[in-house]
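Given next are the chains, with one letter for each unit.
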Amino acid sequence: MAGFRDIDKALFPIKNINTVLQLFRQQLEDTCEPDLALLSIVVGIIENSLTSRSNAALQVYEPFEQNSLPLLELDAVETLYDKFQNIMNTAVNINKSKSFATRDLVKRVSDVIWNSLTRSYYKDRAHLQSLYSYLTGSKLDCFGVAFAVVAGCQTLGYNDVHLALSEDHAWVVFGEHGTENAEVTWHGKGNEDKRGQEIGKGVSSRSWLYVNNKPVICTRQMEVAALVSAINPSLNSTHDAYEVSLLQQELLWLLYDLGHLKKYPMAIGNLGDLEEISSKEGKVPCKTLFEEAIVSARRYYNNQHVYPYTYQGGYFYRNKMYKEAFESWANASDVIRLYNYSRDDEEIYKEFLEIANELIPHIMKVESSGFSANTILKKPECFANLLRFYDGICQWEEGSATPVLHIGWAKPLVNTISKFDADVRAQVNIVCDKSGEEKFSKKNGSYFNNNNYDKENGSHNSDASKSNETDISAGNFHPSLEALTAACS
Ligand SMILES: CC1(C)CN=C(N2CCN(c3ncnc4sc(C(F)(F)C(F)(F)F)cc34)CC2)S1
């Protein structure tokens, strides 16, 4: 059974980051499962004391002691911990007869959280993810509601209820075999919540939002990784609270070293972002972390996740490694091409829009400024990866109820493609196999998009081998891309 044990209470009052690490270590390493409510309350108090503008300047704590924190007293935590227990036990008066949760139980816990939230507030505000926010301000963001439901079920003794995470939504799984699932929170703006319902079986199941039914299914330890990932160090739009950011990085390393991030690509990516800013001595470099996140998504989630490639592409872009960035973004595009675009997919749409209409045009401007000796504009593999990137977006649109591309995409696209000279473009040979899938290759090598996947009947056609090749002029590009490339030839 989880819980706030004497050995945990003995660590209080907490004065520095190392003691918070010790609390997490004790909770994570002992046989019993970590107590989600306790850990969420602790990091929530610390985050809010260091980021709320009100008392930020008045912090009284020894600035000279190693990684010191504002004094965290035991009774501050105990009061909130007991309050959460009471809310759950009184509102959900269960005869703890059943050892596994039911849909009715999960819905009732979700209702308790839902009905106790403030009527209306700005849902996207920072610092609304923890039980501290729920218990002191009755406010939670959409992740926070899902997390609170799982923490509530743990408090009630149901250790079969777990957090399920896509790249932009959270829900829960439960039952004897963990095969039941239910919506417990809202998603996006202006959408009716589907709380209590099973996860979309209809068209929404082919949308990126549900990652083709390959979500991250959390263990208790991975739920701790989710609450740590959700720590938000931002003080304001330009600055982070240093101690909060350092605490998040140290906690992610603790979870990484204990092996709890192996099946959690986004948490590995978050650690990579923090390491890029300030790397910790003796740890794997951030470049390796971004690669590990991709390997994890390929191994455990059938390469259906986009963010591991955009974490890596963002890293290459910030470090002016433009050839590598194009490859990462083309790989991201190879993932999205499998999906149908639905109105719930705005987040990933904005991600691709920013890459296509901000980041790539910026790279083109810099590279054609004439001062880059080793310019990517002379590299056929860069042109090939760019075409693969754009083609994936075109294919994403194909068969979707909602269009993706509009004239705003065309200008930067044509502008970008036309920056590559004809002799460079001529070195890219588009080969199309029987299924009409495009593969981009250069003369003496070949770039095959890594999934011969027919979106419609969901099959992988067998032969990725060299079949009847044609060149770019006869390439079976997506019509809109063909028109655009014709415009440039
Ligand atoms: C390459 C990027 C643009 C950089 N940051 C990215 N993040 C930041 C961290 N992030 C995450 N990092 C860890 N875990 C989760 S669970 C989750 C979610 F499913 F959407 C939820 F729960 F609804 F909020 C999001 C998310 C979302 C993706 S993607």
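Scoring rules and cut-offs
- Residues numbered from 1 in each chain as written.
- Predicted model: local features only at pLDDT ≥ 70, side-chain atom pairs only at ≥ 80, totals over all residues.
- Heavy atoms only, no water.
- Pairing = 2+ DSSP bridges.
- Helix = DSSP H or I, 4+ residues; strand = E, 2+ residues; numbered from the N terminus.
- Contact = heavy atoms within 4.5 Å.
- Axes fitted to C-alpha atoms, helices over the stretch in contact; angles between N-to-C directions.
- Near = heavy atom within 4 Å.
- Polar contact = N/O pair within 3.5 Å; in protein donor to acceptor, adjacent residues only side chain to side chain.
- Areas by Shrake-Rupley, 256 points an atom, 1.4 Å probe, with all protein chains shown as cover.
- Nonpolar A, V, L, I, M, F, W, Y, C, P; charged D, E, K, R; others polar.
- Salt bridge = Lys/Arg side-chain N within 4 Å of Asp/Glu carboxyl O.
- Buried < 20%, exposed > 50% of the residue type's maximum accessible area, 1.4 Å probe, protein only.
- 1 Å grid on protein atoms, 1.4 Å probe; cavity = no way out; pocket = protein on both sides within 12 Å on 5 of 7 lines; lining within 4 Å.
- Points joined across faces, edges and corners; volume = space filled by probe spheres on them.
- Core = buried A, V, L, I, M, F, W, Y, C linked by side-chain atoms within 4.5 Å.

Draft legend 1. Spatial organisation of the sheet that holds strand 3 (residues 162–165). Strand order across the open sheet formed by 4 strands is 5-4-3-6, with antiparallel pairing between neighbours. Only two strands of the sheet have a single neighbouring strand rather than two, namely strand 5 (180–182) and strand 6 (216–217). Running at roughly 55° to strand 3, helix 9 (residues 220–229) makes contact with strand 3 and strand 6 of the sheet.

Draft legend 2. Representation of the site of the ligand within the structure. What surrounds the ligand is a group of 15 residues, the closest being Ser166, Asp168, His169, Tyr264 and Asn270. Between a nitrogen atom of the ligand and a side-chain N or O atom of Asn270, the distance comes to 3.1 Å. Between the ligand and Tyr311, the relevant distance is 3.4 Å, taken from a nitrogen atom to a side-chain nitrogen or oxygen of the residue. In the complex, 76% of the free accessible area of the ligand, which totals 590 Å², lies under the protein chains. Listed by contribution, the elements that provide at least two residues to the shell around the ligand are helix 11 (265–277) and helix 13 (307–318). Per-element tally for the shell around the ligand: the top contributor is helix 13, with 3 residues. When grouped by side-chain class, the residues that make up the shell around the ligand number 7 nonpolar, 5 polar and 3 charged.

Draft legend 3. Fine view of the pattern of salt bridges. Enumeration over the complete set of coordinates arrives at 21 salt bridges. A salt bridge links Arg220 to Glu223, with the shortest nitrogen-to-oxygen separation between them at 2.7 Å. With a gap of 3 residues between them, Arg220 and Glu223 both fall in helix 9, about one helical turn apart. Take Arg220 and Glu223: they sit in the same class, and that class is buried. We note a salt bridge from Lys350 to Glu347, for which the minimum N-O separation is 2.9 Å. In this pair, Lys350 and Glu347 both sit in helix 15 (residues 346–367), 3 residues apart, roughly one turn of the helix. When salt bridges with common partners are traced through the structure, they connect Lys107, Asp111, Asp193 and Arg195 into a single cluster.

Draft legend 4. Fine view of empty space enclosed by the protein. The tally for this structure, following the rule as stated, stands at 2 cavities of 30 Å³ or more. Computed from the structure, the largest cavity encloses a volume of approximately 60 Å³. Taken together, Ser40, Val43, Glu47, Gln129, Ser130, Phe143, Phe147, Leu227, Ala230 and Ile231 make up the full set of residues lining the largest cavity. Breaking the lining of the largest cavity down by element, the ones donating at least two residues are helix 3 (36–51) and helix 8 (142–155). Sort the elements by how many residues they give to the lining of the largest cavity and helix 3 lands first, with 3 residues. Of the residues assigned to the lining of the largest cavity, the class counts are 6 nonpolar, 3 polar and 1 charged.

Draft legend 5. Structural context of the nonpolar core. Ranked by size, the top nonpolar core spans 140 residues in total, and within it Phe24, Leu163, Trp329, Phe352, Phe389 and Trp396 carry the most contacts. Counting residues per element, this core draws most heavily on helix 3, which supplies 10 residues. Residues Ala164, Trp171, Leu209 and Tyr210 belong to the second largest nonpolar core, which totals 6 residues.

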